[in-house]
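What follows is each chain in one-letter form.
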Amino acid sequence: MPIRWSALKVSEAAGMIEEYVNQAAEPLEQARIVARKARKIDNLPQYVEQDFARLIGEIDRAIGGSQWEPVGRLKAGIQSVRESLPDGLVEDERKRLEYGSQQALV
């Protein structure tokens, strides 16, 4: 049974998502640095320190960079989409669009 959805469009969408995730990573890195520094504020109540720790954990899960989440769930999700595409299908579709769907006589 032929595939009715476009693997090329799925691949392109994954690429666009990855670009946006990469753009968001730097501000999130900066937020993580600030949160880590904030945890060291003198006489900080434990309940506030725990909130900062939770924020750091959420950033770690989203973009990675910790020993528990080295890759991050966003990039792992993008990779999962790419791995779910059948081998060679994106390239075949790209060639079909470039050269047309008619077979050559030669």
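Everything discussed here concerns the structure shown above.
Scope of this entry: the structure provided in the associated data block. Note that this is a predicted model, so its numbers are computed, not measured.

Some thoughts on the environment of alanine 24
- Mapped onto the secondary structure, alanine 24 falls in helix H1 (residues 7–38).
- Using a relative accessible area of 34% as the deciding quantity, one classes alanine 24 as partly exposed.
- For the pair formed by alanine 24 and lysine 37, sequence separation is 13 residues and the distance between their alpha carbons is 20 Å.

Some points on the pattern of salt bridges
- Here the structure, examined in full by the defined rule, presents 8 salt bridges.
- When the shortest N-O distance is used, the salt bridge between glutamate 49 and arginine 39 registers 2.3 Å. Of this pair, glutamate 49 sits in helix H2 (residues 46–63) while arginine 39 sits in the loop between H1 and H2, and the two are 10 residues apart along the sequence.
- When its relative accessible area of 36% is taken as the criterion, arginine 39 is described as partly exposed.
- Three or more residues joined by partner-sharing salt bridges are found here, namely Glu29, Arg32 and Asp60.

Focus on H1
- Taking 1.5 Å of rise per residue, 32 residues should cover 46 Å, and H1 covers 45 Å from first to last C-alpha, within 8% of that figure.
- The largest bend along H1 measures about 30 degrees and falls at alanine 25, with the proline proline 27 one to four residues further on.
- Within H1, the full set of buried residues consists of Ala7, Leu8, Ser11, Ala14, Gly15, Val21, Ala25, Arg32, Ala35 and Ala38.
- Buried residues along H1 sit in contact with H2, helix H3 (73–84) and helix H4 (89–99).

Cut-off values and rules
- Residues numbered from 1 in each chain as written.
- Predicted model: local features only at pLDDT ≥ 70, side-chain atom pairs only at ≥ 80, totals over all residues.
- Heavy atoms only, no water.
- Helix = DSSP H or I, 4+ residues; strand = E, 2+ residues; numbered from the N terminus.
- Buried < 20%, exposed > 50% of the residue type's maximum accessible area, 1.4 Å probe, protein only.
- Salt bridge = Lys/Arg side-chain N within 4 Å of Asp/Glu carboxyl O.
- Expected span 1.5 Å × (residues − 1).
- Bend = angle between axes of the 7 residues up to and from the residue.
- Contact = heavy atoms within 4.5 Å.

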